[in-house]
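Read off the chains here:
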Amino acid sequence: MLLAARKKLAIRGGRVIDPAQGIDRIADVLISNGKIEEITGKSDGHTPDGYEQIDASGLIVSPGFVDLHTHLREPGQEWKETIATGTQAAAWGGFTTVCAMPNTEPVQDTASVVDDVMRRAEAVGVVRVLPIGAISVGQNGKRLAPMGELADAGVIGFSDDGNPVSDANLMRQALAYSVDLGLPIINHAEDKRLGAGGVMNAGAVATRLGLAGVAAEAETAMVTRDLQLAGLTGARLHIPHVSTIGSITALRSAKERGLNVTAEVTPHHLTLTDEWVYGQHGEVPESVGPESYDTNTKVNPPLRSRADEEVLIEALAEGLIDVIATDHAPHAATDKICTYNEAAYGINVLETAFSSIFTLVDVDPKMLSLGRLIESLTAGPAAILGRDLGSLEKGYSADVTLIDPEMKWTVNPQAFASKSVNTPLAGVELTGRVVITIYQGTKVFDLRNHG
Ligand code: DOR
């Protein structure tokens, strides 16, 4: 962590949007000692003495974003990302808290590995890192990890991430144990046998490219099973990266039945479809040849159909999907310069997350409002964590994200803070950009120094 200078800061004249407090007005945000001191009634053009000023006129002032699903790759795959570069990428994207998935090497399945991650994060992270513990030893789905020990070490939930817990009885046990620990189980929802080795969404694009497809039912079936088991055990289930219409139908019925379930959706599943696999920014080419795909679109769960995408946007807008989470999955160039079959699954998301979804708001705020977008990046994930985060409430950590809603920029992965460049958005022009990120009262990103 950067040693906070603990200055007094006044963020002046911005449009302050804090869904947790129902605030959307022009105001000043005062910060002292790394904490929120006050949101003024309105911006009165007068700043008390001793405050460094940030002119936020024309900008949106939001609580710092909270990401429930980030891959930092350290320990074990530091050539893809480190805690230092991953947290810098987070800061550049407006995130002041990231939850680190346990598929590191070694896996975060013991207190000592979790301790190690937390210590490294404290030393070099520029934003808050909250670790997620594994559900099973080595994430291999055979034996439960020491969940109580992991909870004591400070994990915020349990997940085997890319490895779904296929054994229903093991999943039932994990859910049952998690009840006493008061932490959610986050199960990657995919029936691998039904997925049958597919590398993209099953459908017309897969057929045309000659690639094996994963049917949407591979996800829907696992979501349905997990919801049944959550009902059986009374546990908290958090469904990561939902991507299918069937998952949304199952989620709706589970919430109507009062199950303790929450769900997240990624920026890419909200904004990209399987037509992006052609590598032409969503255009469908007239003919296909050996170069007709972009391995940066390979992700698990895969990019789905337009119909799925529309239902996901609606479900987020109405609050059925609780939060946006990035599933930031950095991979090295060699993992992506290869055939689609060989490529690694994962998209580099932190630095494009807000802007890519803001494009939806910009096009049609009736479809997705700015307030709901910010809520799903702040108050929503904070509520799932049960922590005093995601709001500009007095006394909370001064984690603040400033956004220029008019700024147009073109995605240049070579300029990312992340170590990796695996995004299908290279060269795409986006509108709206995070310009300043403040963590615990200290600026950890200022676009003017990096732009
Ligand atoms: O696309 C993905 N990448 N999905 C996962 O489940 C794992 C992740 C990774 O770790 O790269």
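Residues numbered from 1 in each chain as written. Predicted model: local features only at pLDDT ≥ 70, side-chain atom pairs only at ≥ 80, totals over all residues. Heavy atoms only, no water.

Observations regarding helix α10 (residues 306–318)
Taking 1.5 Å per residue as the helical rise, α10 with its 13 residues ought to reach 18 Å, and the 19 Å between its terminal C-alpha atoms agrees with that figure. Of all the residues in α10, the buried ones are Asp308, Glu309, Leu312, Ile313, Ala315 and Leu316. Buried residues of α10, viewed axially, fall in a sector of 165°; they line one side. Where α10 is buried, its residues touch α8 (245–256), β13 (261–265), α9 (267–271), β14 (323–324), α11 (353–363) and α12 (370–377). (Helix = DSSP H or I, 4+ residues; strand = E, 2+ residues; numbered from the N terminus. Expected span 1.5 Å × (residues − 1). Buried < 20%, exposed > 50% of the residue type's maximum accessible area, 1.4 Å probe, protein only. Arc of directions from axis to C-beta. Contact = heavy atoms within 4.5 Å.)

A closer look at the pairing of strand β3 (residues 35–39)
Alignment of strand β2 (residues 23–32) against β3, held across four bridges, turns out to be antiparallel. Looking across to β3, one finds that Ser32 is bridged to Lys35. Taking the residues between adjacent antiparallel strands as the criterion, β2 and β3 are bridged by two residues, where Asn33 takes a positive phi near 55°. (Pairing = 2+ DSSP bridges.)

Topic: the packing of aromatic side chains
For any pair of aromatic rings, geometry is given as the distance between the ring centres together with the angle between the planes. For the coordinates displayed, the defined rule picks out five aromatic pairs. When the centroid spacing of 5.4 Å and the interplanar angle of 75° are considered together, the rings of Phe65 and Phe95 count as edge-to-face. Placement of Phe65 in strand β6 (residues 65–70) and of Phe95 in strand β7 (residues 95–100) is noted, with a sequence separation of 30 residues between them. Since its relative accessible area comes to 0%, Phe65 is described here as buried. Taking relative accessible area as the criterion, Phe95 reaches 0% and is therefore assigned buried. Taken together, the ring pairs in this structure connect Phe65, Phe95, Phe354 and Phe358 into an aromatic cluster. Here the guanidinium or amino end of Lys298 rests over the ring plane of Tyr345, the centre of that ring lying 4.5 Å away. Over the face of the ring belonging to Trp409 we find Arg433, whose NZ or CZ atom lies 4.0 Å from the ring centre. (Phe/Tyr/Trp six-rings, centres within 6.5 Å; stacked < 30°, edge-to-face > 60°. Lys NZ or Arg CZ within 6 Å of the ring centre and 35° of its normal.)

Structural notes on the sheet that holds β6
Strand pairs in the sheet, formed through backbone hydrogen bonds, run parallel or antiparallel to each other. Across the sheet, which stays open at both edges, the three strands sit in the order β6-β7-β8 with parallel pairing between neighbours. The open sheet is flanked by β6 and β8 (128–131), the only strands paired with a single partner. With direction set aside, neighbouring strand axes in the sheet form an average angle of 20°. Bridging between β7 and β8 involves four bridges; their strand directions are parallel. (Axes fitted to C-alpha atoms, helices over the stretch in contact; angles between N-to-C directions.)

Points about the sheet that holds strand β9 (residues 185–186)
Spatially, the four strands line up as an open sheet ordered β9-β12-β13-β14, and their pairing is parallel. Single-partner strands in this sheet number two, and they are β9 and β14.

Re the site of the ligand
For the ligand, the set of nearby residues contains 13 residues, the closest of which are Arg73, Asn103, Asn300, His331 and Tyr345. Within the side chain of His188, one N or O atom sits 3.4 Å away from an oxygen atom of the ligand. Interatomic distance of 2.9 Å between a side-chain N/O atom of His331 and an oxygen atom of the ligand. The protein chains hide 92% of the 290 Å² of surface that the ligand would expose on its own. Of the residues belonging to the shell around the ligand, the class tally is three nonpolar, seven polar and three charged. (Near = heavy atom within 4 Å. Polar contact = N/O pair within 3.5 Å; in protein donor to acceptor, adjacent residues only side chain to side chain. Areas by Shrake-Rupley, 256 points an atom, 1.4 Å probe, with all protein chains shown as cover. Nonpolar A, V, L, I, M, F, W, Y, C, P; charged D, E, K, R; others polar.)

Structural notes on the pattern of salt bridges
Counting across every chain of the model gives 17 salt bridges. Ionic pairing is found between Lys7 and Glu52, a salt bridge with its closest N-O pair at 3.5 Å. Within this pair, whereas Lys7 is found in the segment before β1 (9–18), its partner Glu52 is found in strand β4 (residues 52–55), the two being separated by 45 residues in sequence. Looking at Lys7, the relative accessible area reads 40%, which means it is partly exposed. Here Arg15 ties to Asp24 by a salt bridge, and the two come within 2.9 Å at their closest N and O atoms. Look at Asp24 and you get partly exposed, because its relative accessible area is 42%. When salt bridges with common partners are traced through the structure, they connect Glu74, Glu78, Asp116 and Arg120 into a single cluster. (Salt bridge = Lys/Arg side-chain N within 4 Å of Asp/Glu carboxyl O.)

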